[in-house]
Amino acid sequence: MKRCSTKDLRKLEIINLCDGTRLGCASDFEFDCVDAKILALVIEGSDGIFGVGREDDIIIPWYKVECFGEDTILVRDGETGNFKIKTAEPEVPDVPVVP
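The structure contained in this document is the topic of the report that follows. (Residues numbered from 1 in each chain as written. Predicted model: local features only at pLDDT ≥ 70, side-chain atom pairs only at ≥ 80, totals over all residues. Heavy atoms only, no water.)

**Section: the packing of aromatic side chains**
No. 1: A full pass over the atoms with the stated rule returns two aromatic pairs.
No. 2: With 6.5 Å between their ring centres and 50° between their planes, Phe 29 and Phe 31 make a pair best called tilted.
No. 3: You can call Phe 29 buried: its relative accessible area is 6%.
No. 4: An angle of 40° between the planes, with centres 5.9 Å apart, marks the rings of Trp 62 and Phe 68 as tilted. (Phe/Tyr/Trp six-rings, centres within 6.5 Å; stacked < 30°, edge-to-face > 60°. Buried < 20%, exposed > 50% of the residue type's maximum accessible area, 1.4 Å probe, protein only.)

This is how it looks when you write it as structure tokens:
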């Protein structure tokens, strides 16, 4: 069994086996802290220019990961572009309303 860290995984390019699309590199991971499992790979969308034109993040469920190579992570998505998209809207904290 070969072990690797999340730091190592961030260096690997993610490729969709179904159409050969190069999706990018994982920038983050989603974990289930209760069951101690990885749920998804996150590919961060590009920032655009001065924050304008920011692209959405791509969320790839862990069950779609097929294998890890020396320099790639291969994923299988039968329908191109069917990965979950996380909208790149800035998070606005809840502000209490003062009457």
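**Examining the sheet that holds strand S2 (residues 22–25)**
No. 1: Taken in spatial order, the four strands line up as S2-S1-S7-S6 in an open sheet, and their pairing is mixed. Lying at the two open borders of the sheet, with one neighbouring strand each, are S2 and strand S6 (65–68). Pairs of neighbouring strands in the sheet enclose a mean axial angle of 25°, with direction left out of account.
No. 2: Here strand S1 (residues 13–16) pairs with S2 via three bridges, running antiparallel. Looking at the pairing, Ile 14 lines up with Gly 24 of S2. (Pairing = 2+ DSSP bridges. Helix = DSSP H or I, 4+ residues; strand = E, 2+ residues; numbered from the N terminus. Axes fitted to C-alpha atoms, helices over the stretch in contact; angles between N-to-C directions.)

**Describing the pattern of salt bridges**
No. 1: What the rule picks out here adds up to three salt bridges.
No. 2: One salt bridge connects Lys 64 with Asp 77, and the closest N-O pair in it is separated by 3.1 Å. On the criterion of sequence distance, the pair formed by Lys 64 in the loop between strand S5 (57–61) and S6 and Asp 77 in the loop between strand S7 (72–75) and strand S8 (84–86) is long-range, its members being 13 residues apart. Pair check on accessibility: Lys 64 and Asp 77 agree, each one buried. (Salt bridge = Lys/Arg side-chain N within 4 Å of Asp/Glu carboxyl O.)

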